[in-house]
Amino acid sequence: MLATRMNNLGTETAFEVFAKAKALEAQGKDVVHLEIGEPDFETPSHIIKACQNAIQNNMTHYVPTPGIQEVRESIANNISTTRNIKVDWQNVIVTPGAKPIMFFTILALAEPGIEIIYPNPGFPIYESMINFCQATAIPMKLDPNNGYHPDLDDLATKINDKTRLIILNSPGNPTGGVINQTDLKKIVELIEKYPNIYILSDEIYKDILYQDKHISITSFKNMLEKTIILDGLSKSYAMTGWRLGYGLFPQELTPHIIKLAVNSVSCATAFAQAAIPAALEGPQDELISMKKEFQTRRDLIVKGLNNIPGIYCPTPEGAFYAFPNISKTGLTSQEFEQNLLNKYGVALLSGTSFGKYGEGFIRISYANSQDNINQALERIADFVKQI
Ligand code: PLP
């Protein structure tokens with residue numbers, strides 16, 4: 001018999017829709033893929049080379065659980081310069097992908113009777129893990145009328161003595177919204193009188209930002225000590241399949257997180273870790289050109305969607321997702337997702353895959369070529385016309 005807590009575990013429907021789309025393709029149907037959140041570019045060759053050298057030099061054994069020291073030092077330097085802070089490499093933990101950072105953080109902090117605030121619509125694993133660990137999941141509304149910035153009045157009503165963790169994600173999945181300096185300052189002020197609240201700042205899309213500069217909540221006074229930074233190589237360097245992520249933890253949490261890592265993964269793949277300094281310290285030109293291409297695609301998709309009657313798409317400020325409102329088409333988000341895939345061959349995700357406040361919206365990953373985006377836009381326009 002299965003443990004009861006398994007009933008509380010959610011999932012990431014992107015992988016399910018991807019499988020459905022692949023099954024349709026196997027039947028001979030042409031499908032445009034706008035469901036999966038991964039760059040469609042290749043990993044830069046100097047990063048691949050660093051890993052090839054490492055495996056050739058027999059870096060094929062266990063390494064310390066939190067990661068190879070030089071790799072952790074490289075990450076600490078990168079975090080320090082990109083956030084304008086000074087961090088200790090000993091609080092950096094390398095993991096297979098960035099997902100374990102949220103998994104371990106929530107496992108370490110969540111329990112019955114405590115509350116965790118998380119963005120909604122937001123990355124579905126936050127809510128899934130909070131529920132799995134039997135804490136109370138408190139959704140923080142993102143405001144579609146204000147670029148999907150957090151609704152801070154709503155947030156203020158939700159913070160209390162039971163709150164142990166607040167999850168922030170900027171730039172955000174699925175909305176592309178960014179939490180700006182003013183809003184971050186207000187969040188810092190809101191939690192000032194609650195010394196026991198930690199922040200999990202998911203900054204995995206920090207390099208894919210179309211305006212301004214990335215601002216981390218850790219750059220505010222006293223926030224480094226209570227913030228976990230989640231980051232990794234998956235999105236910035238087109239390395240989703242490498243499974244390389246990392247976290248920076250407040251010192252008092254670090255040994256506990258390492259213990260969770262010992263109990264589960266032992267360490268991230270030794271030779272893959274060699275790719276981290278190569279990525280963070282090597283040439284950044286491919287990252288820059290990838291971001292430029294994403295921006296062109298963003299403009300293409302936003303303009304195209306806003307030309308379709310019944311659809312309204314705000315302009316995302318970061319990441320590679322658009323989150324248009326489709327409620328005026330009269331369909332639910334699920335109906336939109338399913339009918340569009342089955343009848344018109346465009347795979348995208350219902351907004352409800354990202355929480356209850358996602359009803360009325362769909363998520364489009366524009367990590368696909370301009371040709372494919374144009375084709376998808378034509379199909380979406382035809383689909384909406386016949387509703
Ligand atoms: N955080 C957010 C907001 C994401 O969208 C993703 C991946 O889609 C992750 C974390 C996980 O990244 P990784 O593939 O490195 O585990």
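Here, every reference points to the structure presented above.
Residues numbered from 1 in each chain as written. Predicted model: local features only at pLDDT ≥ 70, side-chain atom pairs only at ≥ 80, totals over all residues. Heavy atoms only, no water.

**Q** An account of the site of the ligand is needed here, citing residue identities and associated values.
**A** Taken together, 14 residues lie around the ligand, and Asp 202, Tyr 205, Ser 234, Lys 235 and Arg 243 are the ones closest in. In the model, an oxygen atom of the ligand is placed 2.7 Å from a nitrogen or oxygen of the Tyr 205 side chain. Taking Lys 235, its side chain carries an N or O atom lying 2.7 Å from an oxygen atom of the ligand. At a threshold of 2 Å from the grid points, most atoms of the ligand map onto the largest pocket. (Near = heavy atom within 4 Å. Polar contact = N/O pair within 3.5 Å; in protein donor to acceptor, adjacent residues only side chain to side chain. 1 Å grid on protein atoms, 1.4 Å probe; cavity = no way out; pocket = protein on both sides within 12 Å on 5 of 7 lines; lining within 4 Å. Sits in = over half its atoms within 2 Å of the grid points.)

**Q** Got a sec to walk through the packing of helix α4 (residues 99–109) against helix α5 (residues 124–132)? Specific residues and values, please.
**A** Packing of α4 against α5 leaves a shortest axis separation of 10 Å and a crossing angle of 30 degrees. Relative to α5, the element α4 lies roughly parallel. For α4 against α5, the interelement crossing comes out right-handed. Facing Lys 99, Met 102, Phe 103, Ile 106 and Leu 107 of α4, the residues of α5 in contact are Ile 125, Tyr 126, Met 129 and Ile 130. A class-by-class count of the residues in the contact of α4 with α5 yields 8 nonpolar, no polar and 1 charged. (Axes fitted to C-alpha atoms, helices over the stretch in contact; angles between N-to-C directions. Helix = DSSP H or I, 4+ residues; strand = E, 2+ residues; numbered from the N terminus. Parallel < 35°, antiparallel > 145°, perpendicular 65-115°, else oblique. Left-handed = near helix turned anticlockwise from the far one by under 90°. Contact = heavy atoms within 4.5 Å. Nonpolar A, V, L, I, M, F, W, Y, C, P; charged D, E, K, R; others polar.)

**Q** Provide a residue-level description of the layout of surface pockets, including the pertinent values.
**A** Each pocket or cavity is described by its volume, and for the largest pocket that value is around 510 Å³. What lines the largest pocket is a set of 28 residues, and nearest its centre among them are Glu 12, Gly 37, Lys 99, Phe 123 and Lys 235. Ranked by the residues each element gives to the lining of the largest pocket, the list is headed by helix α1 (residues 13–26), at 3 residues. Residues of the lining of the largest pocket, tallied by class, amount to 14 nonpolar, 7 polar and 7 charged. Surrounding the second largest pocket, 15 residues form its lining, Thr 82, Lys 206, Asp 207, Lys 213 and His 214 being those nearest its centre. Elements with a contribution of two residues or more to the lining of the second largest pocket: α3 (69–83) and α11 (285–306). (Points joined across faces, edges and corners; volume = space filled by probe spheres on them.)

**Q** Talk me through empty space enclosed by the protein; I want residue IDs and the actual numbers.
**A** Summed over all chains, the structure comprises 3 cavities of 30 Å³ or more. The computed volume of the largest cavity comes to approximately 90 Å³. Residues belonging to the lining of the largest cavity are distributed by class as follows: 8 nonpolar, 5 polar and no charged. Roughly 60 Å³ of volume is contained in the second largest cavity. Leu 168, Asn 169, Ser 170, Ile 179, Leu 184, Ser 201, Glu 203, His 214, Ile 215, Ser 216 and Ile 217 are the residues that line the second largest cavity. In terms of residue class, the lining of the second largest cavity is made up of 5 nonpolar, 5 polar and 1 charged.

**Q** Talk me through the pairing of strand β13 (residues 362–365); I want residue IDs and the actual numbers.
**A** Because side chains alternate across β13, one face comprises the buried residues Ile 362 and Ile 364, and the other comprises Arg 363 and Ser 365, equally buried. Relative to β13, strand β10 (residues 321–322) runs antiparallel, the two being bridged by 2 bridges. Each residue of the ladder has a partner; that of Ala 322, found in β13, is Ile 364. Bridging between strand β12 (residues 349–350) and β13 involves 2 bridges; their strand directions are antiparallel. Following the sheet pairing, Ser 350 is matched in β13 by Ile 362. (Buried < 20%, exposed > 50% of the residue type's maximum accessible area, 1.4 Å probe, protein only. Pairing = 2+ DSSP bridges.)

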